Amino acid sequence: MTGAQLPGGGLDDQVPFLARLESADRSELLALGHVLNFAPRVILLHEREPSSHVLFLVQGWSKVTAAAPNGYEALLALRGPGDVLGESAALTGRPRSATVTALEPVRAVAVEREHFTGFLSRSPAVSFALLGLTSDRTRAADRRRLEFASMSVRERFAVLLLDLARTHGRRTDDGIELCVPLSKQELAGSVGASREAVQRLLKELRTRGVVVTGRRALLIVRPDVLRRIASAEHPEV
């Protein structure tokens, strides 16, 4: 990655599924299900379990993770209001490919698999919207893998923080506060690094006055420095 150009795609930069639907289709689809509430850190969907239903997020944010055979957990995406979860397993009949966990209080509508697939068969517009979502997610994931392959862990971590600031940042008098609570392990899992590596990077950024950290809290004070790191330019603060 050269120059000052940063990746255009983040962990959750795509238009959510429900926002792609006409109002009547959205209402009819949600009316097929029932509301579920999840507390923070509760699992919504389990990796490798059979598919019985699809979830539509109405409120709150969740994380999508997958575990490697050696136990390493990768953070694949963040999903929030309007997003659909478990649709791939519902369509293919295969076990779920990832675990979804609430990061904060989450409200979702659960629609049984048979009702969801039946609705799609009756609604070509909704089927095409789902196909478009799948295509956008695949393209974003491919782009991110390509960009990250040419970057160091330090650069990838800077890009991640900038992405989170853009998508989940709240401006305060002191800087940009990340509104989604992510642990060091979760941050590490999103850039393909170890927890220890992320701890060292955060210590460096704290020392340089770039970020301020707390327990699952992070304040970005100097996004300009992160942009320079992400573009492989490393002048002193």
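Residues numbered from 1 in each chain as written. Predicted model: local features only at pLDDT ≥ 70, side-chain atom pairs only at ≥ 80, totals over all residues. Heavy atoms only, no water.

Trainee: Please give an account of the pairing of strand 8 (residues 106–112) that cites residues and values.
Mentor: Regular strands show a simple pattern: their side chains alternate between the two faces of the sheet. The buried fraction of strand 8 is high, at five of seven residues. Relative to strand 8, strand 1 (residues 34–38) runs antiparallel, the two sharing five bridges. Along strand 8, the bridge assignment pairs Asn-37 with Arg-107. Bridge count for strand 3 (residues 53–59) against strand 8 is six bridges, and the pairing is antiparallel. The residue of strand 8 that forms the bridge with His-53 is Glu-112. (Buried < 20%, exposed > 50% of the residue type's maximum accessible area, 1.4 Å probe, protein only. Helix = DSSP H or I, 4+ residues; strand = E, 2+ residues; numbered from the N terminus. Pairing = 2+ DSSP bridges.)

Trainee: So what's going on with the pattern of salt bridges? Which residues, and what values?
Mentor: Where charged atoms from two side chains of opposite charge approach closely, those side chains can pair. Within this structure, the stated rule accounts for 15 salt bridges. Residue Glu-73 is joined to Lys-63 by a salt bridge in which the shortest nitrogen-to-oxygen separation is 3.8 Å. In this pair, Glu-73 sits in strand 5 (residues 73–79) while Lys-63 sits in strand 4 (residues 62–67), placing the two residues 10 residues apart along the sequence. Judged by its relative accessible area of 31%, Glu-73 is partly exposed. With a shortest N-O distance of 2.5 Å, Glu-204 and Arg-154 are connected by a salt bridge. With Glu-204 in helix 7 (residues 195–207) and Arg-154 in helix 5 (residues 153–168), the pair connects residues that are 50 residues apart, well separated along the chain. Note on Arg-154: relative accessible area 23%, which makes it partly exposed. If you follow the salt bridges from partner to partner, you end up with Arg-41, Lys-63, Glu-73 and Glu-186 in one network. (Salt bridge = Lys/Arg side-chain N within 4 Å of Asp/Glu carboxyl O.)

Trainee: Which residues make up the environment of Leu-44, and what are the values?
Mentor: Tracing the chain through its elements places Leu-44 in strand 2 (residues 43–45). You can call Leu-44 buried: its relative accessible area is 7%. In the structure, Leu-44 is positioned 16 residues away from Gly-60 in sequence and 12 Å away in space, judged by C-alpha atoms. Leaving out residues up to four positions away in the same chain, Leu-44 has contacts with Phe-38, Leu-55, Leu-57, Leu-85, Val-100, Thr-101, Ala-102 and Val-106. (Contact = heavy atoms within 4.5 Å.)

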